[in-house]
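This is what each chain is made of:
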Amino acid sequence: MTKTRTYLDYNASAPLLAEARAAAIAALDGANPSSVHSEGRAARQIVDRARRSVAALAGAAAEHVTFTSGATEAAATLLTPDWRMGRSALRFSKLYVCEADHACTLSGGRFASGDVVRFGVDANGVADLARLESLLAGHDRDAGLPLVAVHAANNETGVIQPVHEIARLVKAAGGVLIVDAVQFAGRFSLDITNGCGDFLILSAHKIGGPKGAGAFVGRSNLMMPALLIPGGGQEMGHRAGTENLSGIAGFGVAADLAADRLDAMDAVRTLRDRAEAAVLARFQGAIIHGKNAARLANTSLFTIPGLKAETALIAFDLAGIAVSSGSACSSGRVGPSHVLEAMGVDSGEGAVRLSIGPETTEADIGRFEAVLADLAARRGGRPKAA
Ligand code: PLP
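For every chain, the first residue of the written sequence is number 1, and numbering continues from 1 onward in sequence order. Local features are withheld for residues below a pLDDT of 70 in this predicted model, meaning they are given only at 70 or higher, and side-chain atom pairs are given and counted only at 80 or more; totals for whole chains, interfaces and linings count all residues. In computing side-chain values, all of the structure's heavy atoms are included and hydrogens and water are not.

> Is there a simple way to explain the overall build of the chain in this structure?
The helix and strand inventory of the chain stands at eleven helices and 17 strands. The atom set for the radius of gyration is the C-alpha atoms, and the globule formula is 2.2 Å times the number of residues raised to the power 0.38. Against the compact-globule benchmark of 21 Å for 386 residues, the chain has a radius of gyration of 21 Å, which places it among compact chains. Expressed as lengths along the three principal axes of its C-alpha atoms, the size of the chain is roughly 70 × 55 × 35 Å. Burial status follows relative accessibility: with a 1.4 Å probe on protein chains alone, a residue under 20% of its type maximum counts as buried, one over 50% as exposed, and anything between as partly exposed. Within the chain, the fraction of its 386 residues that count as buried is 54%. It only takes one pair of heavy atoms within 4.5 Å for two residues to be counted as in contact. Summarising the internal contacts of the chain: among those between residues at least 6 apart in sequence, 71% fall at separations of at least 24. For the charge count, each Lys or Arg is scored as positive and each Asp or Glu as negative, with His and the chain ends excluded. By convention, the charge on Lys lies at NZ, on Arg at CZ, on Asp at CG and on Glu at CD. Side-chain charges in the chain split into 38 positive and 39 negative, and the spacing between the mean points of these groups amounts to 2 Å. Numbering of helices and strands starts at the N terminus; helices are DSSP runs of H or I of at least 4 residues and strands are runs of E of at least 2.

Below is the structure:
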């Protein structure tokens, strides 16, 4: 991410904050946090400090934060039929996931695929609460409890889910709610004690921390999932393996700064709205996906009729602008968006996602607009007055 380029892909990874980089680099020299000597205790302090910071981000107690290698591992840990409540075994017989969820929850974790039930979203990308309610009403409690997972904000559209209503439905059904707050954290304030689920999933690199660090955060430690990674008993016995000290240190600093960055969201929204206005002005019939729902201030997913998203993405990239197109799988190939499919959008062109942050400037959006103008001119489209 050099300065000669314009980075508008925050939802893939927010740029590493200078303070988080400094903390991560300093911690690279740290000892093993489980060692009892002074060096080990110093490393333990780094982990403990970061734990307090991540807890504050989620409105949780520090001892309810378990560090993982990222949100995907946190989801894989939580999405299991086998839990413990104190000393007793607790069994979840079905997992209910939202069709527009990120692949890490949509995949169902450690549930057998036949025990994963999906509930859809409406045309705006908002979870179908009536469907979830009827699924939960039909849940067979004798077989086990219902576990529900939903994302708080969608990584592609930015659409925000009615998590509090979902939490009420899940509670009424005697179930447990896991909320993937990866894209929500740092853009809205979070408070796990305020009826927004039983566990939150967080990822460092979406809030300006390093990649490869994340956490799950609970309302208590009473109820915990079966270990995904057994071993040396780190993370209070909830996740074994020597801690990723530098990743955790950077995560903690990014979590501290996330609260400050919330104030920048109004300015971010103004820039995002300006970019969307330019799309609509340049291309007749352009569609902003999820625009009638509550959305993150930083995200826009749009389709330009007759212009393939991959073509637009390449044009932006050649002009020095990083945006993304639909959902990219790990190999970097672009596939059809399961989020748009869930919304019932039949778009052969795919969609371009712009996602920005507090560092984005008016000049960045100006460069985005210039590429749009160029694309409109090149395809001999029907530009309206810009
Ligand atoms: N959940 C959401 C909503 C995401 O956007 C992502 C990353 O794109 C993840 C989970 C996975 O996060 P991680 O890269 O930390 O595994």
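> What am I meant to see in the pattern of salt bridges here?
A side chain with one charge may pair with a side chain of the opposite charge, provided their charged atoms come close. A side-chain nitrogen of Lys or Arg and a carboxyl oxygen of Asp or Glu constitute a salt bridge if their distance falls within 4 Å. The full count for this structure, using the stated rule, is 16 salt bridges. Between Asp9 and Arg353 there is a salt bridge; the shortest N-O distance is 3.0 Å. With Asp9 in the loop between strand E1 (6-7) and helix H1 (18-28) and Arg353 in strand E17 (residues 352-355), the pair connects residues that are 344 residues apart, well separated along the chain. By relative accessible area, which is 10% here, Asp9 ends up buried.

> Help me understand helix H11 (residues 362-378), please; the structure alone is not making it clear to me.
Every α-helix carries 3.6 residues per turn, so stepping three or four residues along brings you back to the same face. To estimate how far a helix should reach, multiply one less than its number of residues by 1.5 Å. Look at H11: 24 Å from first C-alpha to last across 17 residues, which is about the 24 Å you get at 1.5 Å a residue. Turning to H11, its buried residues number three or more, namely Asp364, Ile365, Phe368, Val371, Leu372, Leu375 and Ala376. Each buried residue of H11 sits inside an arc of 140° when the element is viewed along its axis, so together they form one side. Facing away from the buried side of H11, by more than 90 degrees, are the exposed residues Glu362, Ala377 and Arg378. Here the buried face of H11 lies against E1, helix H8 (265-282), strand E12 (299-303), helix H9 (309-318), strand E13 (321-322) and E17. Note that the arc is defined by the directions from the helix axis to the C-beta atoms.

> So what exactly am I meant to see when it comes to the sheet that holds strand E11 (residues 287-288) here?
The strands that make up a sheet are held in pairs by hydrogen bonds between backbone atoms, and each pair lies either parallel or antiparallel. As summarised here, the arrangement of the four strands in space is E11-E12-E17-E14, forming an open sheet in which the pairing is antiparallel. Two strands in the sheet have a free side with no partner beyond their single neighbour: E11 and strand E14 (324-325). The pairing of E12 with E17 spans four bridges and is classified as antiparallel. The partner of Thr299 across the bridge, within E17, is Ser355. Being paired, for any two strands, means DSSP has found at least two bridges between them.

> Honestly, the site of the ligand in this entry has me stumped. Any pointers?
The cutoff for a nearby residue is simple: one of its non-hydrogen atoms must lie within 4 Å of the molecule or strand. The ligand sits among Gly70, Ala71, Thr72, His102, Cys104, Asn155, Asp180, Val182, Gln183, Ser203, His205 and Lys206. Within the side chain of Asp180, one N or O atom sits 2.6 Å away from a nitrogen atom of the ligand. Note on areas: Shrake-Rupley with a 1.4 Å probe; residue coverage comes only from the protein chains shown. When the ligand is considered free in solution it has 400 Å² of accessible area, and contact with the protein chains removes 86% of it. Partitioning the shell around the ligand into residue classes produces three nonpolar, seven polar and two charged. Polar contact criterion, stated in full: a pair of N or O atoms within 3.5 Å, where within protein one must be able to donate a hydrogen and the other to accept it, and residues adjacent in sequence count only if both atoms are side-chain atoms. Amino acids outside the nonpolar list (Ala, Val, Leu, Ile, Met, Phe, Trp, Tyr, Cys, Pro) and the charged list (Asp, Glu, Lys, Arg) are all regarded as polar, and Gly is one of them.

> So what exactly am I meant to see when it comes to the nonpolar core here?
A general trend in soluble globular proteins is that nonpolar side chains are found buried together. Only buried residues count toward a nonpolar core, which is a set of Ala, Val, Leu, Ile, Met, Phe, Trp, Tyr and Cys residues joined through side-chain atoms within 4.5 Å. Of all hydrophobic cores here, the largest spans 64 residues; its most connected members are Phe67, Phe119, Leu200, Leu202 and Phe251. Segmentation into domains, and thus their bounds, comes from an automatic or database assignment. Domain assignment of the residues forming this core places at least three in each of domain 1 (6-15 + 263-379) and domain 2 (18-260). Core analysis: the next-biggest nonpolar cluster, separate from the first, contains 29 residues, Ala286, Ile356, Leu372 and Ala376 among them.

> When you look at the domain arrangement of the chain in this model, what are you seeing that I'm missing?
It is common to give the size of an interface as the accessible area lost on bringing the parts into contact. For the chain, the domain assignment lists domain 1 (6-15 + 263-379) and domain 2 (18-260). Between domain 1 and domain 2, the C-alpha centre-to-centre distance is 28 Å. Contacts between the two partners involve 27 residues from domain 1, matched on the other side by 29 residues from domain 2. Buried surface at the junction of domain 1 and domain 2, both sides included, amounts to about 2,200 Å², of which 52% is carbon and sulfur. Remark: the boundary between domain 1 and domain 2 carries zero salt bridges. At the junction of domain 1 and domain 2, the tally comes to 13 residue pairs in polar contact (both at pLDDT 80 or more). Summed over both partners, the accessible area lost on bringing two parts together, with a 1.4 Å probe, is the buried area.

> Looking at this structure, I do not really get the side chain of His205. What am I missing?
Tracing the sequence through the fold places His205 in the loop between strand E8 (199-203) and strand E9 (214-218). You can call His205 buried: its relative accessible area is 16%. Each residue touching His205, except ones within four places of it in the same chain, is listed here: Ala12, Ser13, Ala14, Pro210 and Lys211.

> Sorry if this is basic, but what is going on with the packing of H8 against H11 here?
How two helices pack is summed up by the angle between their axes together with the distance between the axes. Note on geometry: axes are C-alpha line fits, over the in-contact stretch for helices, and angles between N-to-C directions span 0 to 180 degrees. For the pair H8 and H11, interaxial distance at closest approach is 10 Å and the crossing angle is 10°. With respect to each other, H8 and H11 are oriented roughly parallel. Of H11, the residues touching H8 (which contributes Leu271, Arg274, Ala275, Ala278, Val279 and Arg282) are Glu362, Ile365, Gly366, Phe368, Glu369, Leu372, Ala373 and Ala376. Across the contact of H8 with H11, the residue classes break down as nine nonpolar, one polar and four charged. For classification purposes, angles smaller than 35 degrees are called roughly parallel, those larger than 145 roughly antiparallel, those between 65 and 115 roughly perpendicular, and all remaining angles oblique.

> Would you explain helix H7 (residues 245-261) in this entry?
With 17 residues, H7 should reach 24 Å at 1.5 Å per residue; the first-to-last C-alpha distance of 24 Å fits that figure. Of all 17 residues in H7, twelve are buried, a share of seventy percent or more. For H7, the complete set of buried residues consists of Leu245, Ser246, Gly247, Ile248, Ala249, Gly250, Phe251, Gly252, Ala254, Ala255, Ala258 and Arg261. Elements that come into contact with the buried residues of H7 comprise H1, helix H2 (38-58), strand E2 (65-68), E8, E9 and H8.

> How do you make sense of the side chain of Thr77 when you look at a structure like this?
Positionally, Thr77 belongs in helix H3 (residues 71-78). Taking relative accessible area as the criterion, Thr77 reaches 2% and is therefore assigned buried. When near neighbours in sequence (up to four residues on either side) are disregarded, Thr77 contacts Arg110, Phe216, Pro225, Ala226 and Leu228.

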